[in-house]
Amino acid sequence: ETGVTQTPRHLVMGMTNKKSLKCEQHLGHNAMYWYKQSAKKPLELMFVYNFKEQTENNSVPSRFSPECPNSSHLFLHLHTLQPEDSALYLCASATGFMSETQYFGPGTRLLVL
Amino acid sequence: EDQVTQSPEALRLQEGESSSLNCSYTVSGLRGLFWYRQDPGKGPEFLFTLYSAGEEKEKERLKATLTKKESFLHITAPKPEDSATYLCAVQAGNTPLVFGKGTRLSVIA
């Protein structure tokens with residue numbers, strides 16, 4: 001595997017379900033990011049981790065819970081989501097916190113029913 | 001508040017018809033301006049980083065330029081495979097990237 005991978009690629013869940021999104025980067029980077037991409041809106045930064053420590057939390061509802069066990073893996077735990085949470089969830093990594101180029105994974109397309 | 005505005009929202013070109021996409025920004029202390037390409041159902045793919053006014057970068061049919069207020073992505077003699085959404089993002093100070101909404105480009109054979 002190379003670059004940034006995300007699983008699953010597609011997810012359908014009910015509002016009472018609990019699920020997790022997984023991201024893995026094979027680039028030796030130290031910073032990892034979660035973004036939400038909705039139609040007609042710019043990418044919205046959700047969380048940033050630098051060396052496994054959370055450095056940004058952009059007022060994200062508590063029904064989204066991130067976890068970063070090491071610099072290569074990032075999870076987004078989902079519970080009691082709302083239909084408006086349906087979106088493409090993108091993971092990205094970069095050399096360091098706030099450093100320049102971020103490299104994105106293919107995303108997880110989430111549908112909340 | 002940092003702002004990034006991309007125009008047009010959508011652009012339809014004939015194959016070979018050159019054009020430009022615009023990204024205007026209002027930030028304090030620009031550290032870098034980034035262009036990404038995003039195909040449907042995929043994550044953004046990095047294209048260019050520009051750091052200072054007057055800088056230019058090229059890759060195949062794409063050329064990115066930067067002024068103090070905006071950036072242009074020039075597409076010369078586009079092909080259908082250039083069809084995608086092009087995203088612009090800026091980084092200022094120690095703040096995270098701020099993205100624009102993107103320009104959806106369609107190149108018709």
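Residues numbered from 1 in each chain as written. Chains lettered and ligands numbered in written order. Predicted model: local features only at pLDDT ≥ 70, side-chain atom pairs only at ≥ 80, totals over all residues. Heavy atoms only, no water.

Engineer: Describe in detail the state of the cysteines, supporting the description with residues and values.
Structural biologist: What is meant by a disulfide is a covalent connection between two cysteines, made through their sulfur atoms. Residues and elements named next belong to chain A. Scanning the entire structure with this criterion turns up 2 disulfides over all chains. Across the disulfide from cysteine 23 sits cysteine 91; the S-S distance is 1.9 Å. Residues cysteine 23 and cysteine 91 are joined by a disulfide whose S-S torsion is about -70 degrees; by sign, that bridge is left-handed. A residue pair is termed long-range when its members are at least 10 positions apart, and cysteine 23 in strand E3 (residues 18-25) and cysteine 91 in strand E9 (residues 87-94) qualify at 68 residues. This cysteine, cysteine 68, is not joined by any disulfide, and cysteine 91 carries the nearest cysteine sulfur, 9.0 Å off. Looking at cysteine 68, the relative accessible area reads 11%, which means it is buried. (Disulfide = S-S within 2.5 Å. Helix = DSSP H or I, 4+ residues; strand = E, 2+ residues; numbered from the N terminus. Buried < 20%, exposed > 50% of the residue type's maximum accessible area, 1.4 Å probe, protein only.)

Engineer: Explain the interface of chain A and chain B to me, using residue names and the numbers behind them.
Structural biologist: With 20 residues of chain A at the contact, the number on the chain B side is 22 residues. For the chain A and chain B pair, buried surface summed over both sides reaches about 1600 Å², with 55% attributable to carbon and sulfur atoms. Counting across the interface, chain A meets chain B through 1 salt bridge. The partner of glutamate 9 of chain B in a salt bridge is lysine 40 of chain A, and the shortest N-O contact between them spans 3.3 Å. Summed over the shared surface of chain A and chain B, the number is 6 residue pairs in polar contact (both at pLDDT 80 or more). Broken down by secondary-structure element, the contributors of at least two residues to the side of chain A that touches chain B are strand E4 (31-37), E9 and strand E10 (103-104) of chain A. Partitioned by chemical class, the residues of the side of chain A that touches chain B number 10 nonpolar, 5 polar and 5 charged. (Contact = heavy atoms within 4.5 Å. Buried area = accessible area lost by both parts, 1.4 Å probe. Salt bridge = Lys/Arg side-chain N within 4 Å of Asp/Glu carboxyl O. Polar contact = N/O pair within 3.5 Å; in protein donor to acceptor, adjacent residues only side chain to side chain. Nonpolar A, V, L, I, M, F, W, Y, C, P; charged D, E, K, R; others polar.)

Engineer: Break down the sheet that holds strand E8 (residues 70-75) of chain B for me, citing the residues and quoting the values.
Structural biologist: Strand pairing in a sheet relies on backbone hydrogen bonds, with the paired strands running either antiparallel or parallel. Residue and element names in this part refer to chain B. Pairing is antiparallel across the open sheet formed by 5 strands, whose spatial order is E1-E3-E8-E7-E6. The sheet terminates laterally at strand E1 (3-7) and strand E6 (56-59), the two strands that pair on one side only. In this sheet, adjacent strand axes meet at a mean angle of 15 degrees when their direction is disregarded. In terms of strand pairing, strand E7 (residues 62-66) meets E8 through 5 bridges, oriented antiparallel. (Pairing = 2+ DSSP bridges. Axes fitted to C-alpha atoms, helices over the stretch in contact; angles between N-to-C directions.)

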